[in-house]
Amino acid sequence: SPTLGAASEIDNAIDRDTTGLCTYTPIGAGFTAARDGLAAIAQPRRDQYALLITDGADTCDYRDTYDTKSLASADALRGDLVKTFVVGFDGSGTGVDEEHLNHLACAGGTAIGFASNCELQGNVYRAVPNPSPSRLFLLAEDALTLAQALEGVTADVCCGCVD
C-alpha cells in the first residue's frame, strides 16, 4: 500500500524478475490496481497522484493485440480526482509510443501545456492532433534521465519536501 515509510515493502513486493515488469505492460490493469489502492486510502483535502513509467505499448504476455483499456482506466482514475504523471521510458531502444503517451498525459491531467495541448472530448481529455511541444509527457532514456523525471514529478506534487 502506498503509505509513508513503505518504500522497502513496496520494493520487495515488486520484483522485476517475477512480476513480468520487464516483458509486458498491462497499463490499464495497472491503473485499475492504482485506483483501487488509492480509493482505499483517500482522505478529504489530500491530493492523490499516480505515476506511470512505460513505453506506452499496452501489451501483456507478449501479445501486441492485448488491450487493457488503458485510456478508459486512466479516465476513471482522473474521475476520482487522481492526477497521473506519465514518464515514457524504453530500455529496448525501440522507442516509445508518443501518441498513446500524449493521450495518457492528457487523460491524467498532467500533460505539458495542458490548456493548449489537450482537448475535452465528451467528458475526458485527449491530446490535440499536433501538440506543441510534440511530447506531452516526461521522457527518460536512461537511469539519469529517469531520476531527473522523478525529481520533476516530486517537485510538482510536493511543495517544500526534503529529498
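Whatever comes next refers back to the structure up there.
Residues numbered from 1 in each chain as written. Predicted model: local features only at pLDDT ≥ 70, side-chain atom pairs only at ≥ 80, totals over all residues. Heavy atoms only, no water.

Draft legend 1. How the structure looks around the overall build of the protein. Tallying secondary structure elements over the protein gives seven helices and five strands in all. Going residue by residue from the N terminus, the α and β elements of the protein occur as α-α-α-β-α-β-α-α-β-β-β-α. Within the protein, residue pairs in contact and separated by at least 24 positions form 70% of the contacts whose partners lie at least 6 positions apart. When the accessible area of the protein is evaluated, it comes to approximately 10,100 Å², of which 52% is carbon and sulfur surface. (Helix = DSSP H or I, 4+ residues; strand = E, 2+ residues; numbered from the N terminus. Contact = heavy atoms within 4.5 Å. Areas by Shrake-Rupley, 256 points an atom, 1.4 Å probe, with all protein chains shown as cover.)

Draft legend 2. Main features of the sheet that holds strand E1 (residues 48-54). Ordered by their spatial adjacency, three strands build an open sheet running E1-E2-E5, and the pairing between neighbours is parallel. Taken across any chain shown, the strands that pair with only one partner, and hence form the sheet edges, are E1 and strand E5 (138-140). The average angle at which neighbouring strand axes cross in this sheet is 25°, direction not considered. Direction of pairing for strand E2 (residues 82-89) relative to E5: parallel, over a ladder of three bridges. When the sheet's bridge partners are listed, Phe89 is paired in E5 with Ala140. Across the sheet, helix H5 (residues 98-108) is in contact with E1 and E2; its angle to E2 comes to roughly 160°. (Pairing = 2+ DSSP bridges. Axes fitted to C-alpha atoms, helices over the stretch in contact; angles between N-to-C directions.)

Draft legend 3. Structural context of helix H4 (residues 70-79). Of the positions making up H4, those classed as buried are Ser70, Ser73, Ala74, Asp75 and Leu77. Contacts from the buried residues of H4 go to helix H3 (27-41), E1, E2, H5 and strand E4 (124-127). Just downstream of H4 lies Leu81, where phi reads positive at about 70°. (Buried < 20%, exposed > 50% of the residue type's maximum accessible area, 1.4 Å probe, protein only.)

Draft legend 4. Local environment of the state of the cysteines. Inspection of the entire model under this criterion finds one disulfide. In this model, Cys106 is linked to Cys118 through a disulfide, with the two sulfur atoms separated by 2.0 Å. Of note, the bridge from Cys106 to Cys118 carries an S-S torsion of about -75° and is left-handed in sense. Taken together, the residues span a long stretch of sequence, with Cys106 in helix H5 and Cys118 in strand E3 (residues 118-121) at a distance of 12 residues. Given a relative accessible area of 1%, Cys106 falls into the buried group. (Disulfide = S-S within 2.5 Å.)

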